[in-house]
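Summary of structural features
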Amino acid sequence: MASRARVRIDPRRCDRCGRCLSVCSRNAIRVGRTFIAIDPVACDACGACVDACSQGALTADVATGSAPRRASVPVRAAPRARAAAVPAATPRSRSQKAASAAGDTQWTLLEALTMLSVTLAAFVAKEAALALAPVRALPVAAIVLVRAAVLAGYYGVQVVALRWIVSRRGMGLRDLVAGDGGWARSRAWAVGAGAAALVGTRVFAIAYGLLMRGFGIVPDSSALLETFGAEPAGLVLAAVLVVFVGPLVEEAVFRGVLLQGLESRLGTPLAIAVQALVFAALHRSAWLFVPMAVLGAALGWLAHATRRLSLPVAVHASYNAITVLAAFALHG
Ligand code: SF4
Ligand code: SF4
């Protein structure tokens, strides 16, 4: 396999002076209001930008294999005078954008808070719609469909917001899940860590349930069946929305944009904790709060370790699949 240089940016050093832009003959550097990115497809690793950067913000290391993905990281707000040296965005062709992927994209705090605001607004709208008297008065078969449609709308709003956020960087939704593997590149490690996270969070949930029952607090296990109904059609709806769509959207929101955006300001442990608490709170169940916070923290750590979302999505989907199957099996 061929080896080639890979240019990385240290956002703590970059002051957005714009010198690297002016020396790049390949038009490979793109600057937005809150990030600076290098397109590995356009970059020929000449090193001119590294030499031009007096802040030491750019470094070139050597990667093997296929072309590295685009490095895209947030930068500090630049002083007004210096920021003027940097154009709002480096224009790139559509084919260049399509050819590059997210790689080790680091979302900014502003992007994270924007995504969180959209999620919270959609959550409030979902709860308000389900609480409407005409909806509550519907026959059981109809209300199940309405609940499923409202839940689908809740995820749909978040997907639209995610699309908008990633498109600002010339990326697609699929790029959100992709990554460079972080420090956990071994497939065996990923499988082991994913299995450990799934078993650990499940065992914790069971132990927590037994403990709560010991205190006389019995969980409301009928919420899933109430939402989707106990019929086979309800199982199909739950499988689609809870096992497939939900984990994909929630991982993109919480372990993607939100975790990385918080990480850029709060550091990894605090960012993992905050996104896990928000994730748990949006499950709107006092009983579920602790197990969901533990699950959110485990998924956050997996996302941080692997720098991609495929493993958290797989673990989250498996966790939900067990919940759905258990609810329908126990009912039957
Ligand atoms: S030359 Fe260095 S400090 Fe200036 S914009 Fe480029 S990376 Fe940032
Ligand atoms: S290494 Fe060369 S081609 Fe690549 S971004 Fe820097 S100046 Fe541009």
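What you are looking at is a predicted structure, and each value in this text was computed from that prediction instead of being measured. (Residues numbered from 1 in each chain as written. Chains lettered and ligands numbered in written order. Predicted model: local features only at pLDDT ≥ 70, side-chain atom pairs only at ≥ 80, totals over all residues. Heavy atoms only, no water.)

Time to look at the overall build of the chain. The secondary structure content of the chain amounts to 14 helices and 5 strands. Expressed as a percentage of its 332 residues, the buried residues of the chain come to 47%. Restricting to contacts in the chain with at least 6 residues of sequence separation, those with at least 24 account for 81%. For the chain, the accessible area works out to roughly 16300 Å², and carbon and sulfur atoms hold 66% of it. (Helix = DSSP H or I, 4+ residues; strand = E, 2+ residues; numbered from the N terminus. Buried < 20%, exposed > 50% of the residue type's maximum accessible area, 1.4 Å probe, protein only. Contact = heavy atoms within 4.5 Å. Areas by Shrake-Rupley, 256 points an atom, 1.4 Å probe, with all protein chains shown as cover.)

Before going further, it helps to examine the site of ligand 2. Taken together, 13 residues sit near ligand 2, with Cys 24, Cys 43, Asp 44, Cys 46 and Cys 49 positioned nearest. Among the residues forming the shell around ligand 2, the class breakdown is 10 nonpolar, 1 polar and 2 charged. (Near = heavy atom within 4 Å. Nonpolar A, V, L, I, M, F, W, Y, C, P; charged D, E, K, R; others polar.)

Attention now moves to the site of ligand 1. Surrounding ligand 1, one finds Cys 14, Asp 15, Arg 16, Cys 17, Gly 18, Cys 20, Cys 53, Gln 55, Ala 57 and Leu 58. Its residues placed into classes, the shell around ligand 1 shows 6 nonpolar, 2 polar and 2 charged.

The subject of this paragraph is the environment of Ala 223. Tracing the chain through its elements places Ala 223 in helix H10 (residues 223–228). Along the primary structure Ala 223 and Ala 327 are separated by 104 residues, whereas in three dimensions their C-alpha atoms are 9.3 Å apart.

A separate point is helix H7 (residues 140–167). The end-to-end C-alpha distance of H7, which contains 28 residues, comes to 40 Å, matching closely the 40 Å that a straight helix rising 1.5 Å per residue would cover. Along its buried surface, H7 packs onto helix H5 (109–131), helix H6 (133–136), helix H8 (173–177), H10 and helix H11 (232–266). (Expected span 1.5 Å × (residues − 1).)

Right, let's get into the packing of helix H9 (residues 187–214) against helix H13 (residues 286–306). The geometry of H9 relative to H13 is characterised by a closest axis approach of 9 Å and an angle of 170° between their N-to-C directions. The orientation of H9 with respect to H13, classified from their angle, is roughly antiparallel. Contacts from Trp 189, Ala 193, Gly 194, Ala 197, Thr 201, Phe 204, Ala 205, Tyr 208, Gly 209 and Met 212 of H9 reach H13 at Trp 287, Val 290, Pro 291, Val 294, Leu 295, Ala 298, Trp 301, Leu 302, Ala 305 and Thr 306. Of the residues in the contact of H9 with H13, the class split is 16 nonpolar, 4 polar and no charged. (Axes fitted to C-alpha atoms, helices over the stretch in contact; angles between N-to-C directions. Parallel < 35°, antiparallel > 145°, perpendicular 65-115°, else oblique.)

A contiguous nonpolar surface patch, about 290 Å² in accessible area, is contributed by Phe 204, Leu 277, Phe 289 and Val 290. With respect to the helices and strands, Leu 277 occurs in helix H12 (residues 268–281). (Patch = residues over 30% accessible without salt bridge, like charges linked within 9 Å, V, L, I, M, F, W, Y side chains within 5 Å. Salt bridge = Lys/Arg side-chain N within 4 Å of Asp/Glu carboxyl O.)

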